Amino acid sequence: MGAFFILLVAIAGFRYFANQAENTAFQLLSQATIKYQKSLNAIGPEKAYQEVKEDFEYILNKYKSKECGKLARVVYANISYEAGDPDQAILFYEQALNDLGKEKSFRNFILSSLGYAYEKKNDFQKAIFYFEEITKND
């Protein structure tokens, strides 16, 4: 009976700290996104990308297995795309597709984003592939 109670306490403690980490990650993501939006309006997408790069890299490294880390990849991929870095965007969109691709709404958004990123690179064959993947999921 005592071992069962200790196990319950350990599980509750783990969940508490896991939730705390998730909340911290979401707070950091929110701050980084707000910083990006302010910088975007003031200095444009390329410089704003540089302003938040370190913030996103921290979130992506420290919270990569958390839900917020997975969402941060999508946000950062979009920022990379807007800043004219389709290779970086593709890298993060592909990782996000592995993380979030089971949910149809995320999957279609990520596939579409991959299509546009490849289009920006003038790789029209891959762009078409990703756009066609969207129609296969309907």
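> Hey, could you run me through the packing of helix α2 (residues 45-62) against helix α3 (residues 67-82) in this one?
Each packed pair of helices is defined by two parameters, the angle between the axes and the distance between the axes. Running from N to C, α2 and α3 cross one another at 160°; their axes reach a closest spacing of 10 Å. In terms of their interaxial angle, α2 and α3 are classed as roughly antiparallel. Relative to α3, the crossing made by α2 is left-handed. The segment α2 lies against α3, with P45, Y49, V52, K53, F56, E57, I59 and L60 engaging G69, A72, R73, V75, Y76, I79, S80 and E82. For the contact of α2 with α3, a count of residues per class yields 10 nonpolar, two polar and four charged.

> Explain α3 to me, please; I cannot follow it from the model alone.
Structurally, the α-helix is built with 3.6 residues per turn, so residues lying three or four positions apart point the same way. Taking 1.5 Å per residue, 16 residues should reach 22 Å; α3 reaches 23 Å between its end C-alpha atoms and fits that length. Inspection of α3 places C68, G69, K70, A72, R73, V74, Y76, A77, I79, S80 and Y81 among the buried residues, and these make up the whole buried set. Residue G84 follows α3 closely and has a positive phi angle near 90°.

> Just checking my understanding: could you explain the environment of A83 for this structure?
Note on placement: A83 falls in the loop between α3 and α4 (86-100). Separated by 34 residues in the primary sequence, A83 and Y49 place their C-alpha atoms 6.2 Å from one another. Once residues lying within four places of it in the same chain are set aside, the contact partners of A83 are P45, E46 and Y49.

About the criteria used
Residues numbered from 1 in each chain as written. Predicted model: local features only at pLDDT ≥ 70, side-chain atom pairs only at ≥ 80, totals over all residues. Heavy atoms only, no water. Axes fitted to C-alpha atoms, helices over the stretch in contact; angles between N-to-C directions. Helix = DSSP H or I, 4+ residues; strand = E, 2+ residues; numbered from the N terminus. Parallel < 35°, antiparallel > 145°, perpendicular 65-115°, else oblique. Left-handed = near helix turned anticlockwise from the far one by under 90°. Contact = heavy atoms within 4.5 Å. Nonpolar A, V, L, I, M, F, W, Y, C, P; charged D, E, K, R; others polar. Expected span 1.5 Å × (residues − 1). Buried < 20%, exposed > 50% of the residue type's maximum accessible area, 1.4 Å probe, protein only.

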